[in-house]
Amino acid sequence: MKHIAVINGPNLNLLGAREPDTYGRDTLDGINAMLAERAAAWGAACDFFQSNSEGGLVSAIQRAASCDGIILNAAAYTHYSIALRDAIAAIGAPVVEVHLSNTSAREAFRHTSVIAPVCRGSIAGFGPTSYVLALYALTHP
Ligand code: DQA
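Not measured: the values here are computed from a predicted model.

**Q** In this structure, what is going on with the site of the ligand? I would like to understand it.
**A** Every residue close to the ligand is listed here: R18, Y23, N73, A75, A76, H79, H99, L100, S101, T103 and R110. Between the ligand and N73, the relevant distance is 2.8 Å, taken from an oxygen atom to a side-chain nitrogen or oxygen of the residue. Measuring from an oxygen atom of the ligand, one finds a side-chain N or O atom of H99 at 2.7 Å. Starting from 320 Å² of accessible surface for the ligand in isolation, the protein chains cover 99%. Here the ligand is seated within the largest pocket. Here the residues of the shell around the ligand are counted per class, giving 4 nonpolar, 5 polar and 2 charged.

If you want it as structure tokens, here you go:
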């Protein structure tokens, strides 16, 4: 069985209530429950973690180093956290960058991802389905 870590960054604990026109009405718990179901169907198991702090996310990435893959929505840290970039580069596990919204279609400061060059791939713009696509990619090599 494959073990996949699902790591979410700042303000994603507010999903459902936060800017629903941009991020939708699904809660993080709802997205995680849906992912757990998909994972079971695809012979995998997911661990879920969310933090609003950069250090918490760095530690979570380090802890997940021996997983078969990491699904990471680094939220705003995507755009400027060299600490997260270095954490991803330091481990062997493949990391898939995900975003609910299409960051390329939004403000210019969201067009840059400092983590993308060290991730296996990036998926953005499909709402909660972005996470499912990442899970599919990591469980169907
Ligand atoms: C986000 C996009 C980021 O630019 C933003 O800071 C977020 C959420 C997304 O999932 O669309 O918090 O990562």
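Text resumes after the structure shown.
**Q** In this structure, what is going on with the nonpolar core? I would like to understand it.
**A** A general trend in soluble globular proteins is that nonpolar side chains are found buried together. Membership of the largest hydrophobic core comes to 22 residues, with the highest contact counts inside it found for I4, L15, L35, I71, L100, Y131 and L135. Every element with two or more residues in this core is listed here: β1 (2-8), α2 (28-41), β2 (44-50), β4 (95-99) and α5 (129-139). At 5 residues, the largest contribution of residues to this core is made by α5. Discounting residues that sit within four places of it in the chain, L35 has contacts with V6, C46, F48, Y131, V132 and L135. In terms of nonpolar packing, the next biggest core, distinct from the first, is built from 21 residues, A60, I61, L84 and V114 among them.

**Q** Looking at this structure, how should I read the packing of α2 against α5?
**A** When two helices pack together, you describe them by how their axes are tilted relative to each other and by the distance separating the axes. Closest axis-to-axis distance for the α2/α5 pair is 10 Å, and the angle between their directions is 25°. Of the possible angle classes, the one that applies to α2 and α5 is roughly parallel. The crossing of α2 and α5 is right-handed. Contact residues: I31, M34, L35, R38 and A39 in α2; Y131, V132 and L135 in α5. Counted by class, the contact of α2 with α5 contains 7 nonpolar, no polar and 1 charged residues.

**Q** Can you help me understand the sheet that holds β1 in this one?
**A** Within a sheet, neighbouring strands are paired by backbone hydrogen bonds and run either parallel or antiparallel to one another. Taken in spatial order, the 5 strands make up an open sheet running β2-β1-β3-β4-β5, and their pairing is parallel. Both outer strands of the open sheet, β2 and β5 (121-124), are each paired with one neighbouring strand and no more. Between one strand axis and the next, the sheet turns by 20° as a mean value, whatever way the strands run. Taken together, the 7 bridges between β1 and β2 define a ladder with parallel strand orientation. If you follow H3 over to β2, its bridge partner there is A45.

**Q** Teacher, can you tell me more about the layout of surface pockets here?
**A** A probe as big as a water molecule, rolled over the atoms, marks out the empty space that is left. There is about 160 Å³ of room inside the largest pocket. Around the largest pocket, the lining comprises 15 residues; the ones closest to its centre are R18, Y23, A75, A76 and R110. Per-class residue counts for the lining of the largest pocket are 6 nonpolar, 6 polar and 3 charged.

How each quantity is defined
The residue numbering used here restarts from 1 in each chain and proceeds along that chain's sequence as written. Selection of residues for local features in this predicted model requires a pLDDT of at least 70, selection of side-chain atom pairs for listing and counting requires 80 or more, and totals for whole chains, interfaces and linings are taken over all residues. To get the side-chain values, take all heavy atoms of the structure and skip hydrogens and water. The rule for a residue being near a molecule or strand is that one of its heavy atoms must lie within 4 Å of it. Polar contact is defined as a pair of N or O atoms within 3.5 Å, subject to the rule that within protein one atom must be able to donate a hydrogen and the other to accept it, and that residues adjacent in sequence are counted only when both atoms are side-chain atoms. The method behind every accessible area is Shrake-Rupley, applied with a 1.4 Å probe, and residues are considered shielded solely by the protein chains displayed. Whether a set of points on the 1 Å grid over the protein atoms alone is a cavity depends on a 1.4 Å probe fitting there but being unable to get out, while an open set qualifies as a pocket with protein on both sides within 12 Å along at least five of seven lines; lining residues are those with an atom within 4 Å of a point. Any molecule with more than half of its atoms within 2 Å of a cavity's or pocket's grid points is regarded as sitting in that cavity or pocket. Note on residue categories: nonpolar means Ala, Val, Leu, Ile, Met, Phe, Trp, Tyr, Cys or Pro, charged means Asp, Glu, Lys or Arg, and polar means any other residue, Gly included. In these notes, a set of buried Ala, Val, Leu, Ile, Met, Phe, Trp, Tyr and Cys residues joined through side-chain atoms within 4.5 Å is what counts as a nonpolar core. Relative accessibility under 20% of the residue-type maximum defines a buried residue, over 50% an exposed one, and the middle range a partly exposed one, all with a 1.4 Å probe and only protein chains included. The secondary structure listing takes helices from DSSP runs of H or I that are at least 4 residues long and strands from runs of E that are at least 2 residues long, numbered from the N terminus. Throughout, a residue-residue contact means that at least one pair of heavy atoms, one from each residue, lies within 4.5 Å. For every element, the axis is a line fit to its C-alpha atoms; helices are fit only across the contacting stretch, and the angle between N-to-C directions ranges from 0 to 180 degrees. Roughly parallel covers angles under 35 degrees, roughly antiparallel covers those over 145, roughly perpendicular covers 65 to 115, and oblique covers all other angles. Helix crossings get a hand from a simple test, with the near helix turned counterclockwise from the far one by less than a right angle marking a left-handed crossing and a clockwise turn marking a right-handed one. Pairing between two strands is assigned when DSSP locates at least 2 bridges connecting them. Grid points are joined across faces, edges and corners, and a volume is the space filled by probe spheres set on the points.

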